[in-house]
Amino acid sequence: MGSFSWRPGVLAGLFFLAAGAAAAELRIGLSADVTTMDPHFVAAQPNLTAQQHVFDSLVRTDERSRPVPGIATWRTPDPLTWEFTLRKGVKFHDGSELTTGDVVFSLERPFTITGSPGGFQTYVRPIVAKEIVDRYTVRLKTAAPYGALLQDLAEVMIVSKQAAAKATGEDFDKGRAAVGTGPYRLVRFARGDRIELARHEKYWGGRLPWDRLTLLILPADPVRTAALLSGQIDAIEHVPTADIARLRKNTAFRLEQTVSWRTIFLHVDQGRDRPPGVLSKAGKPLDRNPFKDLRVRQAMSKAINRPAIAERVMEGLALPAANVVSPSVFGHDPAVKPDAYDPGGAKKLLAEAGYPDGFAVTLATPNNRYINDEQVAQTVAQMFSRIGIATKVEAMPLSVYFGRARNKDFGVALLGWGSRAADLSLRSLTAIPDAEKGYGAWNWGGYANPGLDEMVAQSLGTVDPVKREALARGASALAAREVAIIPLHYQVVTWAMRKGLTYSARTDEFTFAHHFKPQ
Amino acid sequence: MLSFALRRLLQSVIVLLIMSGLVFAGVYAIGNPIDILINPQADQAEIAAATKALGLDQPLWRQYWNFIAGAFAGDLGRSFAANTPAAALIFERMPATIELALAAMVMAVALGIPLGLVAGLKAESWIGRTIMAGSILGFSLPTFWVGLMLIMVFSVWLGWLPPTGRGQVVMVLGLPVSFLTRDGLLHLFMPALNLALFQLSLLIRLTRAGTREALAQDYVRFARAKGLSMSHVLRVHVLKNVLIPVVTVTGLEFGSLIAFAIVTETIFAWPGMGKLLIDSINVLDRPVIVAYLLIIVLLFVVINLIVDLAYTALDPRVRLAGRGA
């Protein structure tokens, strides 16, 4: 109904672009609040989304989340040394040239910020020495060979040393310190409302089609869609599932989709003898932890009808999962296929493991984090119940959920994970917790297999990307065979935009204005 | 008078102390902000560093003590998520909320009193019934639904009004206001109307009831018998009496307009402090939550104090000294 009234407007807009009008503006609706423009204060994706318009990282990632050269190229003269060569003539917004001094300053800055939840130290800690060779060349040394350095450095943005040296958070938010080499420079940061940016005329990556850019903060789902439908904005990220069918039918809009890096899976507590909420059907404690038996984990995996979840519950916005990372991510093993739905086989496995009558579990899930998270959990619970594992769902908001999960309050817990590599995922999710090495920080299930950890360590310690990917695939395949976690699906991420725009959909879910193009 | 004000102030300080303690303990009980704010890829060393950086490694009583000590020195702490003092964050957003609430109040009064008067005068006619039916809808329809319908109709179908956000602002006395620009007014209209609906309905009912009551009074009948025109009677005798409760309720309801603004702000992406509170609760940004509630309580205390003082000035029958009266 609405399409009639503003289609002329869209056409006029197209004509405008075709005529090469100078004052072109792009307006994008973002789905989450950006809390600060300081790129080293908190590693939260909404913040990074906005900041990556202003700042570059030493390493870029392409749509498939693979490292590609941006402001620098690299080589590894030996396994402990990463030599980065800066592109010549990369200009900051203030006109000064990017040098290795700015790079070293930026890589050290995460350690100097006070009162911050941070999140960037993990990325730069492997670097034990930084050696400035000249204005354009810097060598970064690691204590041991570390292949994931590129993926890590893709997260750390480069600021201007001169502008950021003594800057406070307010200096970044007001724009004084928010001086980067990125495609847009910050004009106004109105927290909770919008971020106004202007084209960086000396951007190293070439001329961009829009000279002004506004990122609007529109967290409420229906509002984001309405703003797009009304023509107030040109594009939105994270299109609400309920609106996708409708937008697809509307010829005034286009959708771009890709498989996200986010894998949704279940952690099952296989570490302790008495996991919480895992009982006999009569409500008595079990004499042993059933999840320690591989056959039980296999049975649970076979009990899940993944295609049905992907098609029905997720309305097509998911792919059945088998690996710890989604198909486009580094280290995904395409040979590992999702377990087929086989309730008969699952029952047999349960009986073999000594649970012919099943048992009872509580499945915990957040209800405001992932696409249809609670409905997915409810569906899985019914599928478990069908093979005799009576499952009840306990859903709660994220703010409560993560705290309780970290306290090990759950026997079976749903989690979503996005990462740039399989070995990085496994390091956090399935490795034996070791604060020294930084392993297993999110191993809620208590899965412990020194053999797998060794493979992960080997993969992470391999600098050659081809060899490393083979090792990462091997680790991913082993985790799948062992059912270290029970993968459910990979989410599909959707952008919507007015006709006449295209977007190269990114698997890492980032929304970048410089990846929109006029058609 | 002075002793009254002082006593009030002391009471408020106690209220603030108790409230801050409750909120502190409440947010603590929900969960650990680090779990929400930390980068999932972070290792244990970084999690520990972040916990320490935000002072969350200390026992709760210690954290509370630090907060109280800071608060008395005028420092309500820094936001965990935003790298800014919590109070600054709130004051940055307050003008938008106050503007929205004031616009809603003006709308409610400007529409509610005349409509209520008409409904009271022509209670049995179709127009009176229509107004009353409308006020029932205004009471009972949920704000978020009405807001979405407004956006659907006026922005998506008709394309008359922008669906979200605050329009162009200009600085007046150092405060950003949007009602002085055309763009600002266009953006302000729908959220203000949405927020005003409840108050509007309330005022219609209040005015109608007051009008009907006043019309039945002897002094009105006497004035009519004396031959005064109906409009004069309405203005001088009816309206004045109707307005007393209306003014009181409007004043008191201003607070709830600010509180209800949370829903409207969320729907229309209005960058006010209600939206800030919701965002802060989602990430357990305790300094902002506590500071917000403290500032709101303070605001209410001050409003009530002013109302009470104004009452004594206006109505000699009301005494504040209390003791011995």
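Only a predicted model underlies this, so the values are computations on that prediction, with no experimental measurement involved. (Residues numbered from 1 in each chain as written. Chains lettered and ligands numbered in written order. Predicted model: local features only at pLDDT ≥ 70, side-chain atom pairs only at ≥ 80, totals over all residues. Heavy atoms only, no water.)

Colleague: Go over the interface of chain A and chain B with me, naming the residues and quoting the values.
Modeller: Taken together, the contacts link 58 residues of chain A with 51 residues of chain B. Between chain A and chain B, roughly 4200 Å² of surface is buried when both sides are summed, and carbon and sulfur atoms account for 53% of that area. Among the residues chain A hides against chain B, the three largest losses belong to Pro117, Arg191 and Ser399 of chain A. Together they make up 15% of the total. Counting across the chain A and chain B interface gives four salt bridges. Looking at the side of chain A that touches chain B, the elements with two or more residues in it are helix 1 (2–18), helix 4 (121–124), helix 7 (169–173), helix 8 (221–229), helix 14 (398–406) and strand 18 (412–418) of chain A. Of the residues forming the side of chain A that touches chain B, the biggest block, six residues, is contributed by helix 14 of chain A. (Contact = heavy atoms within 4.5 Å. Buried area = accessible area lost by both parts, 1.4 Å probe. Salt bridge = Lys/Arg side-chain N within 4 Å of Asp/Glu carboxyl O. Helix = DSSP H or I, 4+ residues; strand = E, 2+ residues; numbered from the N terminus.)

Colleague: If you had to explain the packing of aromatic side chains to someone new, which residues and values would you point to?
Modeller: The final tally for this structure, using the stated rule, is 20 aromatic pairs over all chains. When the ring of Phe154 of chain B is compared with that of Trp160 of chain B, the centres are 6.2 Å apart and the planes differ by 45°; the resulting orientation is tilted. A connected cluster of aromatic rings, assembled from ring pairs, spans Tyr401, Phe402, Phe410, Trp417, Trp442 and Trp444 of chain A. Over the aromatic face of Trp442 of chain A sits the side chain of Arg406 of chain A, whose NZ or CZ is 4.8 Å from the ring centroid. Note that Arg286 of chain B overlies the ring of Phe24 of chain B, its terminal NZ or CZ placed 4.0 Å from the centroid. (Phe/Tyr/Trp six-rings, centres within 6.5 Å; stacked < 30°, edge-to-face > 60°. Lys NZ or Arg CZ within 6 Å of the ring centre and 35° of its normal.)

Colleague: Any details on the environment of Gln51 of chain A? Residues and values, ideally.
Modeller: All names here are of chain A. Among the structural elements, Gln51 can be located in helix 2 (residues 45–54). Along the backbone, Gln51 and Ala364 are 313 residues apart, and their C-alpha atoms lie at a distance of 34 Å. Those residues in contact with Gln51 that lie beyond four places of it in its chain are Thr36, Met37, Asp38, Pro39 and Met157. Separated by 3.1 Å, the side chain of Gln51 and the backbone oxygen of Asp38 make a polar contact. (Polar contact = N/O pair within 3.5 Å; in protein donor to acceptor, adjacent residues only side chain to side chain.)

Colleague: Describe unusual backbone geometry, with residues and values.
Modeller: Residues and elements named next belong to chain B. Backbone geometry places Asn83, a non-glycine residue, at a positive phi of 60°. Inspection of the secondary structure puts Asn83 in the loop between helix 4 (60–72) and helix 5 (86–121). Non-glycine residue Ala269 carries a positive phi angle of around 50°. Here Ala269 lies in the loop between helix 10 (230–267) and helix 11 (273–282). Given the relative accessible area of 3%, Ala269 is considered buried. (Buried < 20%, exposed > 50% of the residue type's maximum accessible area, 1.4 Å probe, protein only.)

Colleague: So what about the pairing of strand 12 (residues 212–217) of chain A? Which residues, and what values?
Modeller: All names here are of chain A. Extensive coverage of strand 12 is indicated by the burial of five of its six residues. Pairing between strand 1 (residues 25–30) and strand 12: six bridges, direction parallel. Directly across from Arg27, in strand 12, lies its bridge partner Thr214. Sheet analysis places strand 11 (residues 194–199) next to strand 12, joined by five bridges and oriented antiparallel. Within strand 12, the residue paired with Arg194 across the bridge is Leu216. (Pairing = 2+ DSSP bridges.)

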